[in-house]
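Here's the letter readout for the chains.
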Amino acid sequence: MGFFRAGLVLIVGIFLFFSFLAATSFFILGSSLKYENVHEGLYSVIKDISEGTNGVISEEVTGEFNLTDAAKDAFATAKNYCKRQNATYYNFSYERYAASIPCEKVVNTTSPETFVNETYNDVIYDIYYKDYDCGFWNCFSKTSFPFFLVSKKAVDYWMEKFYLVLIVCLFLIGLIFLLVEQKANAPIIIGALLVISAVPLLKLNDFLYAIAGNFSVLINLFLSSTRGVFLFSLIFGILLVATGIALKSWMPDSIKKKLSVKDVKEIVKEEISKEKQAQQIKKKKK
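Residues numbered from 1 in each chain as written. Predicted model: local features only at pLDDT ≥ 70, side-chain atom pairs only at ≥ 80, totals over all residues. Heavy atoms only, no water.

## Thoughts on the state of the cysteines
- Counted under the stated rule, the structure contains two disulfides.
- Between Cys82 and Cys103 runs a disulfide, and the two sulfur atoms are separated by 2.1 Å. Its S-S torsion of approximately -70° makes the covalent link between Cys82 and Cys103 left-handed. Taken together, the residues span a long stretch of sequence, with Cys82 in helix H4 (residues 67-85) and Cys103 in helix H5 (residues 103-107) at a distance of 21 residues. In this pair, the class of Cys82 matches that of Cys103, namely buried.
- Here Cys134 pairs with Cys139 through a disulfide, and the sulfurs are 1.8 Å apart. One quick way to see it: the torsion about the S-S bond of Cys134 and Cys139 is about 90°, and its sign makes the bridge right-handed. Residue Cys134 shares its accessibility class with Cys139, and that shared class is buried.
- Look at the protein and number its bonded cysteines as they come in the sequence; the links are 1-2, 3-4. (Disulfide = S-S within 2.5 Å. Helix = DSSP H or I, 4+ residues; strand = E, 2+ residues; numbered from the N terminus. Buried < 20%, exposed > 50% of the residue type's maximum accessible area, 1.4 Å probe, protein only.)

## Observations concerning the pattern of salt bridges
- Counted by the stated rule, this structure contains two salt bridges.
- The shortest N-O distance in the salt bridge between Lys105 and Glu118 comes to 3.1 Å. Placement of Lys105 in helix H5 and of Glu118 in helix H6 (residues 112-129) is noted, with a sequence separation of 13 residues between them.
- Since its relative accessible area comes to 15%, Glu118 is described here as buried. (Salt bridge = Lys/Arg side-chain N within 4 Å of Asp/Glu carboxyl O.)

## Examining the packing of aromatic side chains
- One pass over the full model with this rule turns up 23 aromatic pairs.
- A centroid spacing of 6.1 Å and a plane angle of 20° characterise the contact between Phe92 and Phe115, whose relative ring orientation is stacked. A residue pair is termed long-range when its members are at least 10 positions apart, and Phe92 in strand E1 (residues 89-94) and Phe115 in helix H6 qualify at 23 residues.
- Of the residues examined, Phe92 reaches a relative accessible area of 15% and is grouped as buried.
- Between Phe232 and Phe236, the aromatic rings sit 5.7 Å apart at their centres with planes inclined by 5°, giving stacked as the arrangement. (Phe/Tyr/Trp six-rings, centres within 6.5 Å; stacked < 30°, edge-to-face > 60°.)

## Quick notes on a nonpolar patch on the surface
- Together, Leu231, Phe232, Ile235, Phe236 and Leu239 line one region of the surface with nonpolar side chains, adding up to about 490 Å² of accessible area.
- Here Phe232 shows up in helix H11 (residues 226-250).
- Residue class for Phe232 comes out exposed when judged on its relative accessible area of 57%. (Patch = residues over 30% accessible without salt bridge, like charges linked within 9 Å, V, L, I, M, F, W, Y side chains within 5 Å. Areas by Shrake-Rupley, 256 points an atom, 1.4 Å probe, with all protein chains shown as cover.)

## Some details on the packing of H4 against H6
- It is the contact of H4 with H6, at a shortest axis distance of 9 Å, that shows an interaxial angle of 115°. Our pair here, H4 against H6, has a crossing hand that is right-handed. Counted together, Leu67, Thr68, Ala71, Lys72, Ala74, Phe75 and Ala78 of H4 and Pro112, Glu113, Phe115, Val116, Thr119, Tyr120 and Val123 of H6 form the full contact between these two elements.
- Among the residues making up the contact of H4 with H6, the classes are represented as ten nonpolar, two polar and two charged. (Axes fitted to C-alpha atoms, helices over the stretch in contact; angles between N-to-C directions. Left-handed = near helix turned anticlockwise from the far one by under 90°. Contact = heavy atoms within 4.5 Å. Nonpolar A, V, L, I, M, F, W, Y, C, P; charged D, E, K, R; others polar.)

## Here we look at the side chain of Lys79
- Residue placement: Lys79 occurs in helix H4.
- One buried charged residue, Lys79, remains without a salt bridge, the closest side chain of opposite sign being Glu113 at 12 Å.
- When sequence neighbours within four positions are dropped, the list of residues in contact with Lys79 reads Val106, Val107 and Thr109. (Lys, Arg positive; Asp, Glu negative; His and termini not counted.)

## Thoughts on the packing of helix H9 (residues 185-198) against H11
- The geometry of H9 relative to H11 is characterised by a closest axis approach of 7 Å and an angle of 160° between their N-to-C directions. Between H9 and H11, the angle is such that the two are roughly antiparallel. Seen along the crossing, H9 lies across H11 with a hand that is left-handed. On H11, the residues that touch Asn185, Pro187, Ile188, Ile190, Gly191, Ala192, Leu194, Val195 and Ala198 of H9 are Phe230, Ser233, Leu234, Phe236, Gly237, Ile238, Leu240, Val241, Gly244, Ile245 and Lys248.
- Looking at the contact of H9 with H11, its residues break down into 14 nonpolar, five polar and one charged. (Parallel < 35°, antiparallel > 145°, perpendicular 65-115°, else oblique.)

What follows is the structure, given as structure tokens:
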């Protein structure tokens, strides 16, 4: 029975290790894609693609995507439109991404670069919050460049996977608590698995670069929280191990199990001796 139980713990532990690894990876991908992070990183990516200076993504992948030239071409039209129509915004689209520039900024600037910057900001916002009419993986074939990978759609996708795997992790943790004979061993096993599963996170960057190919320029955008997740997993895992060790040291059951058979016999003899002495004292008093 002990061997069978140990085998089950080993199997569940292996599944829990891979579940921890999957959960932390999904959380990194989801938590890194906050709008602030995406805006900052995507600005330089779009600029490099538009100006052909990225050196990574070929024109075959990006197509004729050149937002800089498109914005410069629209500047004169926008200026005339805002003056004549007395409009609040000048709206235009490029490659199915929308931009809405305040006419106040259009009229008051003489520099096309300012209009280009405003266009970048609006297009990035539209890229992030756009309602992509496709399944996550199907979007590759429906877009000229996979900006959806750093969109709110991607955040929702990865976080959905994270919560699903988290439920699996909790179920496996419950199984380990049920299977181990000494319950204090459970946090030690769980903590050790969490620490070990955190180590591959340091190589997640290299792994994604290896499989990303032409899209590797986007990798840094959704790995910004790797260090934080790694440190959390490491510290929390160590705390669980320390808690398990402390419980093994302080629990009465564990103390009893540390006693040898010889120690138990000596304690029994001592108790019997005390009982005999007590009975003799009672007899003398009578």
